[in-house]
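# Fold and contact review
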Amino acid sequence: MLDIQLVSVMLAVGAFAGFIAGLLGVGGGMIIVPVVLWVLQMQGLDNIPHAQHLAVGTSFAIMVFTTFSSVMAQNRKGAVDWQVVRRMVPGMIAGVLVGSFLAKHISNAALQIFFIVFTVLVALKTLADAKPKPSRSLPGWAGLNGVGTLFGIASSWVGIGGGSLSVPFLMYCNVPVHRAVGTSAGLAWPIAVAGAAGYLYSGWNVGGLPEGSFGFWYLPAVVVLSVATVVFAPLGVRTAHRLPPEKLKLAFGILLLAIAGRMLWRLSA
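Predicted, not measured: the structure shown is a model, and the values here were computed from it.

### Points about the confidence of the model for the chain
This prediction gives the chain a mean pLDDT of 84; 94% of its residues lie at or above 70. Taken element by element, the predicted model of the chain shows its lowest mean pLDDT in helix 5 (residues 108-128) (77) and its highest in strand 2 (residues 217-218) (93).

Structure follows, in structure tokens:
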């Protein structure tokens, strides 16, 4: 069980994750995954065979609530391109389900290394602020569906809502940053639902998981972190729409580098 001090810290971090999810159109998983690993560590459970899988599955379960709160707030701002969402979601869901079923056959270390490399590459691309060709636009239905499948697989292995992939992709296709962030929030919720379901199923009969686990969900963390993220996600959305595009992209890139550094430090410790 979680003690009061641990719950208090989780609520504070969950509030930050919810704010970031709303601010940058992400699911908050890049913050939540390391936090769940830390919670397990504080209880002496970080060395269990499937700690990373449990952290990723728990992140998806929390994001079901976080991303729903975020996308509703973005929709009220008129920032979600639902046509793009409809074209990318089928591939994303398929990719997440396939990736989550395969994830239990991948080692903890491999998942963490993938997490770090992928995050750094996206951060550097974002901070470089390379201007796309003015003529570049979003691909058609087949192209968006294919891109969605790739993003879904990657998201399932990292435990994210896909925003760290879809936001740069949409900006690369000349979608304005505020609309890219809003549309990414719309993509994050179905990814979260599919990822949560996939990790629940793939962890259902796995032995050696701690008390309070439900498949690859760690329910104490799901309950505490979900409350905080849902409350603060709309605040992040309101803040995002007050920021100029350059500052929003800078914040996105810095966040990714900070999280990659934290994961690398933990992996090498």
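From this point, things continue past the structure.
### Remarks on the nonpolar core
Counting 75 residues, the largest nonpolar core has L24, M88, F169 and L225 as its most contacted members. Sort the elements by how many residues they give to this core and helix 8 (residues 177-202) lands first, with eleven residues. What F169 contacts, discounting residues up to four positions off in sequence, is M88, L138, P139, L144, V147 and F151.

### Some points on helix 2 (residues 29-42)
For helix 2, spanning 14 residues, the distance from its first C-alpha to its last is 19 Å, which sits close to the expected 20 Å at 1.5 Å a residue. Among the 14 residues in helix 2, eleven count as buried, and that is most of the element. When we look at burial in helix 2, the residues that qualify are G29, M30, I31, I32, V33, P34, V35, V36, L37, V39 and L40. Count one or two residues on from helix 2 and you reach G44, which has phi positive near 75 degrees.

### Topic: the packing of aromatic side chains
According to the stated counting rule, one finds six aromatic pairs in the structure shown. Pairing F60 with Y199 gives two aromatic rings, centres 5.8 Å apart and planes at 35 degrees, and the pair type is tilted. Of the two residues, F60 sits in helix 3 (residues 51-76) while Y199 sits in helix 8, which places them 139 residues apart along the sequence. Here the aromatic cluster, defined as three or more aromatic residues joined through ring pairs, consists of F60, Y199 and F216.

### A word on unusual backbone geometry
As a rule of thumb, non-glycine residues mostly have phi less than zero, and peptide bonds are mostly trans rather than cis. The backbone of N174 shows a phi angle near 70 degrees, a positive value even though the residue is not glycine. Note on placement: N174 falls in the loop between helix 7 (163-172) and helix 8.

### Concerning helix 9 (residues 219-240)
Taking 1.5 Å of rise per residue, the 22 residues of helix 9 would be expected to cover 32 Å, and the 30 Å separating its terminal C-alpha atoms lies within 8% of that figure. Along helix 9, the helix axis deviates most sharply at F232, where the bend reaches about 30 degrees; the proline P234 sits within four residues downstream. Here helix 9 has its buried residues at A221, V222, V224, L225, S226, A228, T229, A233, P234, G236, V237 and A240.

### Here we look at the environment of L6
Position of L6 among the secondary structure elements: in helix 1 (residues 4-24). You can call L6 buried: its relative accessible area is 9%. For the pair L6 and V39, spaced 33 residues apart in the sequence, the C-alpha separation amounts to 7.7 Å.

What counts and how
- Counting restarts for each chain, with residues numbered from 1 along the sequence as it is written.
- Where local features are concerned, this predicted model is filtered to residues with pLDDT of at least 70; where side-chain atom pairs are given and counted, the filter is 80 or more; whole-chain, interface and lining totals use all residues.
- Side-chain numbers here rest on the full set of heavy atoms in the structure, without hydrogens or water.
- Residue-level confidence of the predictor is summarised by pLDDT, bounded by 0 at the bottom and 100 at the top.
- Helix numbers and strand numbers start at the N terminus; a helix is a DSSP run of H or I with at least 4 residues, a strand a run of E with at least 2.
- By nonpolar core we mean a set of buried residues, namely Ala, Val, Leu, Ile, Met, Phe, Trp, Tyr and Cys, connected to one another through side-chain atoms within 4.5 Å.
- Note on exposure labels: buried denotes an accessible area under 20% of the residue type's maximum, exposed denotes more than 50%, and partly exposed covers the range between, all computed with a 1.4 Å probe on protein chains only.
- For this analysis, residues touch if any pair of their heavy atoms sits within 4.5 Å.
- Working rule for helices: expected span equals 1.5 Å times residues minus one.
- Ring geometry is summarised as follows: Phe, Tyr and Trp rings, the Trp one being its six-membered ring, pair when their centres sit within 6.5 Å, and such pairs are stacked at plane angles under 30 degrees, edge-to-face over 60 and tilted between the two.
- At any given residue, the bend is defined as the angle formed between two axes, one fitted to the seven residues that end at that position and one fitted to the seven that begin there.

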